[in-house]
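Below, each chain spelled out in residue letters.
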Amino acid sequence: ALPPCEKTPILLVDTSFSYFSPIKYSRWDFGAAGQALGNPISKNYPAAGRYPVHLISTNFRGCSDTLSDSITIYPLPKVAAMSDTSICIPDGIILTVTGAKTYFWLPPDSLSCTNCANPIANPTKASSYIVTGTDENGCANKDTVNIGIQTKTTFTTKAGGEICLGEMFQLFAIGATVYNWSPSESLDSPKSAHPIAHPQSNTSYIVIAKEGSCAADTQVVKVIVHPLPTVDAGSDVKLIAGKATILQASGAGVSKVLWSGDSSLSCYDCFGPEAKPRKTTTYFVKGYNEFGCSSTDSVTVFVLCDGSQLFIPNTFSPNGDGYNDRFFPRGDGIKLITSFRIYSRWGELMYERKNMEVNDESAGWDGIHNGRILSPDVFVYVIEANCESGAPIMFKGDVTLLK
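Below is a summary of the structure that appears in this document. Every value quoted in this text rests on a predicted model; they were computed, and no experiment measured them.

Moving on, we come to the sheet that holds strand S6 (residues 64-73). With respect to topology, four strands assemble into an open sheet ordered S3-S2-S5-S6, the strand pairing being antiparallel. The two strands at the open ends of the sheet, each matched to only one other strand, are strand S3 (35-37) and S6. Between one strand axis and the next, the sheet turns through 20 degrees on average, direction left out of account. By the bridge criterion, ten bridges tie strand S5 (residues 49-59) to S6 in an arrangement that is antiparallel. Paired with Pro52 across the strands is Ser70, a residue of S6.

Set out below in structure tokens:
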């Protein structure tokens, strides 16, 4: 009898008996799967699972009895043979299959074995091989693999492309077993199916491919190499802290640029941005040509710290008229006034302020010492500061108090 497998007819037999009268008929009730009358009967279940079975046996005297049980239907194995392919005469090919426990191949002609999982096929013409796989439950399923015959190697390559000088391009071929690419000088592996090319100029790569005993075939893949643009960021610049300078990019074949460095540039995609760095900074400019190829150059702006960054008046008049009433340092490029001291001509400290901002009038000296406005005189100032570049700087001088 066949095992209870899905999509496979199974035979159900009523073996009931009666002492006083033979069995007249057998009625089978399969629930939602329907009913049947007869003995034996053939039943086909479309899907695996466990199904109820009720058997009502009736003899010729009209007496009946019922038997209730269930039947387990097993799934068919998922037999999967290899993909269809083709070979060259007299080459052979190993057939492969998965999904079952045992296998049987047909037709036996040109096969090394029929009851193995991986027979060697040596067809002399296009052939179809059918494999039947059986699992541990005895359920069987089939699949087919078609083997064609060819005389010439058939393979494919991916299209060529465009690169920038210095870049790589990966060549690609599939369908053969032996490859030979040329020219080989700019290839990392000329006998590979996927060599990496580093051409220095436009190059047509020829690949000769061969599969087994088939005749070789040839294809061409062209790689176009675009030159790099020439970009110049200009000469290095020396700049007093707090000042600005204009950078200027130029070059041959440059259609657009992109600057990087810090956030002090007025624009990043223009050829001549204004730069106002707080400290010595190197700016990089990448120039692109019409093909998207790029080159990079750099320019360094050296930020210097000197006395020109601070303006210190030599007189002030604290008379309350709202004009020049306080003495304080003015300028640009100064990060912080760390110390601001005023001395009399005899060296007495008259005023001191620490950690003040430049141009802060409210932090300046109003000519008052010990609660009174001083008389006109000449005083000495000492200012210690840090430039925006971080460098320290000191200023000394005289200031005259006027009425």
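Attention shifts here to the pairing of strand S30 (residues 294-304). As paired elements, strand S24 (residues 237-240) and S30 share four bridges and run parallel to each other. The residue of S30 that forms the bridge with Ile240 is Leu304. Pairing of strand S29 (residues 281-288) with S30, which is carried by eight bridges, proceeds in the antiparallel orientation. Note on S30: the bridge partner recorded for Thr282 is Thr300. Here S29 hands over to S30 after five residues, with Gly292 in that stretch at a positive phi of 85 degrees.

The step from Leu106 to Pro107 runs through a cis peptide bond, and the omega angle for that step is -5 degrees. Considering the arrangement of structural elements, one finds Pro107 in the loop between strand S11 (102-106) and strand S12 (120-121). For the bond from Ser182 to Pro183, the omega torsion is 0 degrees, close enough to zero to count as cis. Inspection of the secondary structure puts Pro183 in the loop between strand S19 (178-182) and strand S20 (196-197). In this structure, Lys7 takes a positive phi of about 60 degrees despite not being glycine. Examined against the element boundaries, Lys7 turns out to sit in the segment before strand S1 (10-12). Accessibility expressed as a relative area gives 57% for Lys7, which makes it exposed. The phi angle at Asn355 is positive, at roughly 50 degrees, despite the residue not being glycine. Mapped onto the secondary structure, Asn355 falls in strand S35 (residues 349-356). When its relative accessible area of 54% is taken as the criterion, Asn355 is described as exposed.

Residues Phe17, Tyr19 and Phe20 make up a contiguous nonpolar surface patch of roughly 500 Å² in combined accessible area. The topology assignment puts Phe20 in the loop between S1 and strand S2 (23-29). Look at Phe20 and you get exposed, because its relative accessible area is 70%.

This part takes up the pattern of salt bridges. On inspection of all chains with the given rule, the structure shows six salt bridges. Salt-bridge contacts for Lys276 lead to Asp332; the nearest nitrogen and oxygen are separated by 3.8 Å. Here the residue Lys276 occupies a position in the loop between strand S28 (274-275) and S29, and Asp332 occupies one in the loop between strand S33 (330-331) and strand S34 (334-343), the gap between them amounting to 56 residues. The partly exposed category is assigned to Lys276, whose relative accessible area is 40%. Judged by relative accessible area, which is 34%, Asp332 ranks as partly exposed. Between Arg341 and Glu384 there is a salt bridge whose closest N-O contact spans 3.6 Å. Of this pair, Arg341 sits in strand S34 while Glu384 sits in strand S38 (residues 377-387), and the two are 43 residues apart along the sequence. Judged by relative accessible area, Arg341 falls into the buried class, the value being 16%.

Attention shifts here to the pairing of S5. Summarising the sheet, S2 and S5 pair through six bridges and their orientation is antiparallel. Residue pairing across strands places Ile23 opposite Asn59, the latter belonging to S5. Connecting the antiparallel pair S5 and S6 is a turn made up of four residues, with Gly62 showing a positive phi of about 90 degrees.

Rules used in this analysis
- Residues numbered from 1 in each chain as written.
- Predicted model: local features only at pLDDT ≥ 70, side-chain atom pairs only at ≥ 80, totals over all residues.
- Heavy atoms only, no water.
- Pairing = 2+ DSSP bridges.
- Helix = DSSP H or I, 4+ residues; strand = E, 2+ residues; numbered from the N terminus.
- Axes fitted to C-alpha atoms, helices over the stretch in contact; angles between N-to-C directions.
- Buried < 20%, exposed > 50% of the residue type's maximum accessible area, 1.4 Å probe, protein only.
- Patch = residues over 30% accessible without salt bridge, like charges linked within 9 Å, V, L, I, M, F, W, Y side chains within 5 Å.
- Areas by Shrake-Rupley, 256 points an atom, 1.4 Å probe, with all protein chains shown as cover.
- Salt bridge = Lys/Arg side-chain N within 4 Å of Asp/Glu carboxyl O.

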